[in-house]
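Per-entry structural report
If you want the building blocks of each chain, they are given just below.
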Amino acid sequence: MHPFIPNIYKLEIDITYLCTLKCHNCNRGISVAPPVKEHNMSVEQIRRFIDQSITSNHPWEQIKLIGGEPTIHPQIDIIIELLYTYKADYNKQLDLRVVSNGTTSFTRNKLDQIQTAYPDIIIENSGKVDNFIPGFSLSHIAPRDIYAFKNHRYRGCWVSEECGIGLNFSGFYCCSIGGSIARLFNHEIAVRNVEDLNFDTLMNMYDKVCSLCGMYHNLKATGVNDETILSPTWQNQIDNLDPLEILPKY
Ligand code: SF4
Ligand code: SF4
């Protein structure tokens, strides 16, 4: 079968991994590894991303601010203003979105403020109320721990094609979930400049991150999803994780 082709015109930016929930089997690892503020993106990094996008004239079609819960990033207002100015001055067709769990009153108020100030920013509010989200993939069952995937050549999944590529504090990845896996496994595979984004480089990440990603085999949590399950590779990594062992920054 052919590999999935990353959509390099759509981008999910994990500006923070801090969150107001710890949903079981969250594909950003939030229920297994307490997120740290050191994994927040800085305003300087967002400026760098915008400068690189302008210099390379990259035709972004969609950019989502996501995480984690993006509304609790302490510089969310500045980040939105910077991206909105980029949209207005350089990329008017850009579909700019904020993706939120909508759980706390603080977050809902922040979303209202954003919508009032920027009516053409699209708010995606999933309206979560607790950590039990039915139907989540078992994100921490690594395919490499399943016998059927021994010697498998990983080829990505629909996420990279449909949701696009990912950016976090350490750089660009084949998808945002892959970026979170790389941060938890300390894989130094990120692309650090928009002009270096190409299909080959991104698809070369698949073996590293898809082999650890439960989205790959499509096993789902059953019932009310009240338990986070880890396969041996994940359990070993989380048991020995130093959350402050930080990848080089973007
Ligand atoms: S709200 Fe989203 S990012 Fe936060 S723990 Fe739940 S699934 Fe993960
Ligand atoms: S890391 Fe996971 S979500 Fe991303 S392409 Fe691979 S299997 Fe899909």
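Below or above, wherever it landed, is the structure these notes cover. These numbers were taken from a predicted model, which means no experiment stands behind them.

1. A word on helix α5 (residues 176–185)
Across the 10 residues that make up α5, a large majority, nine, are buried. Of the positions making up α5, those classed as buried are Ser 176, Ile 177, Gly 178, Gly 179, Ser 180, Ile 181, Ala 182, Arg 183 and Leu 184. The positive-phi residue at the C-terminal boundary of α5 is Asn 186, with phi of around 55°.

2. Some remarks on the site of ligand 1
Taken together, Cys 19, Leu 21, Lys 22, Cys 23, Cys 26, Arg 28, Ile 30, Gly 67, Gly 68, Glu 69, Asn 101 and Lys 128 form the complete shell of residues around ligand 1. A class-by-class count of the residues in the shell around ligand 1 yields five nonpolar, three polar and four charged.

3. Notes on the site of ligand 2
Residues in close proximity to ligand 2 total 14 residues, the closest being Cys 157, Val 159, Cys 175, Cys 210 and Cys 213. When residues of the shell around ligand 2 are traced back to their parent elements, those giving at least two are α4 (158–162), α5 and α7 (206–210). The element contributing the most residues to the shell around ligand 2 is α7, with three residues.

4. Structural notes on helix α1 (residues 43–55)
When the terminal C-alpha atoms of α1 are compared, their 18 Å separation across 13 residues agrees well with the 18 Å that a helix rising 1.5 Å per residue should span. Among the residues of α1, Gln 45, Ile 46, Phe 49 and Ser 53 are the ones counted as buried. Looking down the long axis of α1, one finds its buried residues gathered within 105° of arc, a one-sided arrangement. Exposed residues on α1 whose side chains face more than 90 degrees from its buried face are Glu 44, Asp 51 and Thr 55. Packing partners of the buried residues in α1 comprise α2 (76–90) and β5 (165–168). Count one or two residues on from α1 and you reach Asn 57, which has phi positive near 55°.

Cut-offs used in this document
- Residues numbered from 1 in each chain as written.
- Chains lettered and ligands numbered in written order.
- Predicted model: local features only at pLDDT ≥ 70, side-chain atom pairs only at ≥ 80, totals over all residues.
- Buried ≥ 20, exposed ≤ 12 C-beta atoms within 10 Å, placed from the backbone.
- Helix = DSSP H or I, 4+ residues; strand = E, 2+ residues; numbered from the N terminus.
- Near = placed C-beta within 6 Å.
- Nonpolar A, V, L, I, M, F, W, Y, C, P; charged D, E, K, R; others polar.
- Expected span 1.5 Å × (residues − 1).
- Arc of directions from axis to C-beta.
- Contact = placed C-beta atoms within 7 Å.

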